[in-house]
Amino acid sequence: MFPLPPRHSPLASRPGRRSGMCDPAVSSFLTQTLCAHGGRLGLRELQENVGLSAQQLQDTLSAAGPRRFLLVEGGQEVLAVTDARVCVRKACDGCERLHLCKQHLMGRCHLGPSSCKYVHDIMNAENKKVLKNHDLSGLSETELQVLLLQNDAFFLPDTCHFYNKKGCHCTQQTNCNKLHVCQHFLKGRCRFPRCVISHDLLDDHALRVLETAGIDRKIALNFQAICDYKHMEFNREPGVYVYRYRNDNWKNLEVRRTKEVKATLKTAPCKQDVPPSEGPSSTGPAQSQDQLPAGVGGKDKGPSSTGPAQSRDQLPTGVGGKDKGKKNSSSDEASKDDKKDNCDEICLFYVWKYCKNKDRCKSVHYHLPYKWEVHDGLNWKELSMMEEIEKAYCDPKNSSLPSKNINFQTMTCSSSLVRRLSTPSSVTKPTFLLTTQWIWYWKNDQDKWIEYGEPEEGNSTTSPSSAIIENLYQADPCAIVPFQAGQHQYELNFKEMIQTNIHFKTRRQVCRRPKFVSSEDVQKIKTGSQRDSSIPNQTCPSHWDASALPDFGYKAVVISNTTSEYNEIKQLFHQTMKNYSIIKIQRIQNPSLWKVFQWQKEKMKRENGGKEVQEKRLFHGADTAFMETICSQNFDWRICGSNGTNYGKGSYFARDACYSHSYCQTTLLGHSMFVARVLVGDYVKGNAAYVRPPMKCAAKLWLYDSCVDDESNPAVFVVFEKHQIYPEYIIEYKKESIREQKETGIGGQKETGKGQQKDTGTRGTRQEERKCVIS
């Protein structure tokens, strides 16, 4: 992540533009980023993805307003909003809407562009004008699909005419294949703040109808939030509205939804200074997702245990933000207590050493990475014998702890609610110690729990590892994930916690439990006598200078030109840069980035069946203004310009130094170039539309690791995951002044490359044909 975007980025500051105005290019880029991640992101995640500071992002969102970016979940998540719509007419002489085939955009049109009477080309001249008018020129078809699905009611199934016109009465009831939702609410034109017709897209019937039409729960959740805001805006009445539902089962939703709607109106600044990012936190069995109120959750907030889920219906929900009007100290303390009572994530900084935010921290401060609490009717109280409870819970065989009268299935102690607080999942915080490592199990025919990724006794076939499944779960806790083990195809339903054999329809129970860590283990990890198993190979390379190993950031160590290390890099550089002399080579010593790189390497190795991952030393040319940030926080593809996407939107690296030289900034002292370690793994030819590598197989779990310009003889590599990169060296060099460069040198190759489009067989020409921004 870079604190400031590059000058050629759409996020760069524009001279003469006032802070109160939102740059269309910036808005387009933010929308593109949100839609590339499902239409919604947490504020901190969005900040990391776009490379803006917290203040810059806050100013941009405020300037654009909620008609472009809607803040929900107490102002901690951002939704992409647009007024762009698809024309609903069967024949149109021209209007200000997009003209597209609805079924094609949803991937359901079985007719080709030549047979279908509706437009399939999203980038034709007319549509480009419409997109430009809405500042959406940079969006791909996939990104536009996400944006329109969560904004345009045209893509929703039809609403039931009888339900809307006959007093909420439909003769088919739950068998009806149309939405039992207020038709005016979906279009943002319901004039009744207390409308008796349902405004809920998240009940069982509505979700079933939506899923049948190709709209998943996540899109429905986003559409609901946007419609809730527009309903409030359309009526413009102060206060909090409570919708009246026919079904009493949804009464618990009323408080939550009205609070969320109220929160969406607050597009004012949001606090982003909490040390750990507010990523997914999981504090209990995944089965509890069934008991969460509909609409709660999303990418950044995984389900917590059954206990907290139930308690949220009974306890006050802490909505983020400061109560500026309250000065009573007792009210402030009560507010803090409410926030702590409703927080299920333990602060990683406090567990490790010290949290600088102290009482202002939004997470719970506790000395262990887990905490068990019981609700006494008023407050949550710490349970005794903490380690005994945790150890029992970590064993998937245990559904209860009889000695303490605790039921892990219902998360109760006698008749009182119980909850488990936890540090974030290890897959979401790979650089942190004392995260929670979640293990996934399935139950075999002998009622024995088998860990995913481990072979069953007498069977050599292995399934995807727990780390892979946990990553997918954190991405979408309600997903149904297909995978392959041996010759069999399976589906893993996170919501129901069931694994199904697609062919034989065999169903097996699935369980998710944490790895046990005792208080003694915690102390050993903190004192350094035991390595945290969630981050393999934490030790730094033996040839690093031990006197230059910072706790945070990096140190640049100049390498002696008499060492074999220096000569190795020198030879690699001079293979294609013979007319340049090296001034010095600096080794970048960043222990944090090295740990993450090794963690990623081990992860890829496990996913590759234990085989070693292909690793290369590659060159990268960058603007000197970003070199310090790269050394500190690693490469980030978001600094690349519009020309840097020939083979996908990622970080580009070159096999040959002369190729990267074209993108090195010239200074008075010469040039600087990175040599990076890159886990290229299994690669495939890239495509400009890629935002991640394509799938290896239809199982949809296995992606290629990187993309290249030419599979048979790759010279350019594109990496989409920054953990696969370690910036190892910086070479400072200059052109030799004694002898002039010959025409056949680097300059000659450049001119030849510009003048030819066909491959003549020369290496220089081939490189210039494949030229793209190395950033």
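How each quantity is defined
- Residues numbered from 1 in each chain as written.
- Predicted model: local features only at pLDDT ≥ 70, side-chain atom pairs only at ≥ 80, totals over all residues.
- Heavy atoms only, no water.
- Helix = DSSP H or I, 4+ residues; strand = E, 2+ residues; numbered from the N terminus.
- Buried < 20%, exposed > 50% of the residue type's maximum accessible area, 1.4 Å probe, protein only.
- Areas by Shrake-Rupley, 256 points an atom, 1.4 Å probe, with all protein chains shown as cover.
- Pairing = 2+ DSSP bridges.
- Contact = heavy atoms within 4.5 Å.
- Axes fitted to C-alpha atoms, helices over the stretch in contact; angles between N-to-C directions.
- Salt bridge = Lys/Arg side-chain N within 4 Å of Asp/Glu carboxyl O.
- Polar contact = N/O pair within 3.5 Å; in protein donor to acceptor, adjacent residues only side chain to side chain.
- Parallel < 35°, antiparallel > 145°, perpendicular 65-115°, else oblique.
- Nonpolar A, V, L, I, M, F, W, Y, C, P; charged D, E, K, R; others polar.
- pLDDT = per-residue confidence, 0-100.
- Phe/Tyr/Trp six-rings, centres within 6.5 Å; stacked < 30°, edge-to-face > 60°.
- Arc of directions from axis to C-beta.
- Disulfide = S-S within 2.5 Å.

**Things to note about the overall build of the protein chain**
- For the protein chain, the count of helices and strands is 23 helices and 24 strands.
- Every one of the 775 residues in the protein chain was classed for burial, and the buried ones make up 50%.
- Taken as a whole, the protein chain presents about 37100 Å² of accessible surface, with 48% of it coming from carbon and sulfur.

**Some details on the sheet that holds strand 5 (residues 380-382)**
- With respect to topology, six strands assemble into an open sheet ordered 5-4-9-8-7-6, the strand pairing being antiparallel. Among the strands making up the open sheet, the edge pair consists of strand 5 and strand 6 (400-401).
- Contacts from helix 15 (residues 386-394) reach strand 4 (370-375), strand 5, strand 6, strand 7 (406-407) and strand 9 (416-422), with the element oriented near 105 degrees to strand 4.

**Details of the pairing of strand 24 (residues 725-735)**
- Within strand 24, nine of the 11 residues are buried, which leaves it mostly tucked inside the rest of the structure.
- Across seven bridges, strand 17 (residues 580-589) lies against strand 24 in antiparallel orientation. Paired with Lys584 across the bridge in strand 24 is Glu732.
- Here eight bridges tie strand 20 (residues 671-679) to strand 24, and the two strands are oriented antiparallel to one another. Bridge assignment links Met673 to a residue of strand 24, and that residue is Ile731.

**Digging into the pattern of salt bridges**
- Under the counting rule described, the total for this entry stands at 20 salt bridges.
- A salt bridge links Glu373 to Lys371, with the nearest nitrogen and oxygen atoms 3.1 Å apart.
- Look at Glu373 and you get buried, because its relative accessible area is 5%.
- Residue classification places Lys371 among the buried positions, given a relative accessible area of 12%.
- The salt bridge involving Arg512 is made with Glu470; its shortest N-O contact spans 3.0 Å. With Arg512 in strand 15 (residues 507-514) and Glu470 in helix 16 (residues 466-475), the pair connects residues that are 42 residues apart, well separated along the chain.
- Taking the relative accessible area as the measure of exposure, Arg512 reaches 1% and is therefore buried.
- Its relative accessible area of 1% is what places Glu470 among the buried residues.

**Section: the side chain of Asn127**
- By the element assignment, Asn127 lies in helix 5 (residues 125-133).
- A polar side-chain atom of Asn127 sits 3.0 Å from the main-chain amide nitrogen of His99.

**Structural notes on unusual backbone geometry**
- With a phi angle near 50 degrees, Lys358 is a residue other than glycine that sits in the positive phi range.
- Inspection of the secondary structure puts Lys358 in the loop between helix 14 (348-352) and strand 4.

**Here we look at the packing of helix 1 (residues 24-36) against helix 6 (residues 141-149)**
- Look at helix 1 against helix 6: their axes get within 9 Å of each other, and the N-to-C directions meet at 85 degrees. It follows that helix 1 is roughly perpendicular to helix 6 by the angle criterion. Contact residues: helix 1 offers Thr31, Gln32, Cys35 and Ala36, while helix 6 offers Glu143, Val146 and Leu147.
- When its residues are assigned to classes, the contact of helix 1 with helix 6 shows four nonpolar, two polar and one charged.

**Considering the sheet that holds strand 1 (residues 40-42)**
- Spatial ordering of the open sheet is given by 1-3-2, a layout of three strands whose pairing is antiparallel. The two strands at the open ends of the sheet, each matched to only one other strand, are strand 1 and strand 2 (69-72). In this sheet, neighbouring strand axes are inclined to one another by 25 degrees on average, regardless of whether the strands run parallel or antiparallel.

**Observations regarding the environment of Ile226**
- Assignment of secondary structure puts Ile226 in helix 10 (residues 217-235).
- Between the alpha carbons of Ile226 and Ala80 there is a distance of 9.1 Å; along the sequence they are 146 residues apart.
- Those residues within four positions of Ile226 in sequence are excluded, and the remaining contacts are Leu70, Leu79, Ala80, Val81, Gln150 and Asn151.

**Observations concerning the confidence of the model for the protein chain**
- Residues at a pLDDT of 70 or more form 74% of the protein chain, whose mean pLDDT is 76.
- Ignoring residues within four places in sequence, the model shows residues 237-334, a span with pLDDT below 50, making 228 contacts including any to other chains.
- In this model, residues 529-538 is a region of pLDDT below 50 whose contacts with residues beyond four sequence positions or in other chains number 34 contacts.

**Looking at the packing of aromatic side chains**
- Counted according to the given criterion, the structure contains 20 aromatic pairs.
- Between Trp372 and Tyr393, the ring centres sit 5.1 Å apart and the planes meet at 80 degrees, which makes this aromatic pair edge-to-face. Pair noted here: Trp372 is in strand 4 and Tyr393 is in helix 15, with a separation of 21 residues, a long-range link. In terms of burial, Trp372 and Tyr393 fall into one category: buried.
- On the basis of an interplanar angle of 85 degrees and a centroid distance of 5.3 Å, the ring pair of Tyr473 and Phe494 is categorised as edge-to-face. Remark: Phe494 occurs in the loop between strand 13 (488-493) and strand 14 (498-501) and Tyr473 occurs in helix 16; sequence separation between them is 21 residues.
- Judged by relative accessible area, which is 1%, Tyr473 ranks as buried.

**Thoughts on the packing of helix 2 (residues 43-50) against helix 3 (residues 54-64)**
- The interhelical angle for the contact between helix 2 and helix 3, taken along N-to-C directions, is 105 degrees, at an axis separation of 10 Å. In terms of orientation, helix 2 and helix 3 fall into the roughly perpendicular class. Across from Leu43, Leu46 and Gln47 in helix 2, the residues of helix 3 making contact are Ala54, Leu57 and Leu61.

**Here's the deal with the environment of Cys116**
- Residue placement: Cys116 occurs in the loop between helix 4 (102-105) and helix 5.
- With relative accessibility at 11%, the residue Cys116 sits in the buried group.
- Taking the C-alpha atoms as reference, Cys116 lies 9.4 Å from His104; in sequence the two are 12 residues apart.

**Some points on helix 5**
- What helix 5 keeps buried is the set Asn127, Val130 and Leu131. Considered in projection along helix 5, the buried side chains sweep an arc of 100 degrees and stay on one side of the axis. Those residues of helix 5 that are exposed and aimed more than 90 degrees away from the buried face are Ala125, Lys129, Lys132 and Asn133.
- Against the buried residues of helix 5 lie helix 6.
- Positive backbone phi, approximately 55 degrees, marks Asp135, located one or two places after helix 5.

**Let's talk about the state of the cysteines**
- Inspection of the entire model under this criterion finds zero disulfides.
- No disulfide involves Cys101; its sulfur sits 3.8 Å from the nearest other cysteine sulfur, which is in Cys116.
- By relative accessible area, which is 4% here, Cys101 ends up buried.
- Cys160 carries a free sulfur, and the closest cysteine sulfur to it, the one in Cys170, is 3.7 Å from it.

**Digging into the environment of Phe635**
- Its place among the elements puts Phe635 in the loop between helix 20 (627-633) and strand 19 (651-654).
- Expressed as a C-alpha distance, the spacing of Phe635 and Glu721, which sit 86 residues apart in the sequence, is 9.5 Å.
- Other than its neighbours up to four places away in sequence, Phe635 contacts His620, Ile630, Ser651, Phe653, Phe674, Ala676, Lys722, Ile725 and Pro727.

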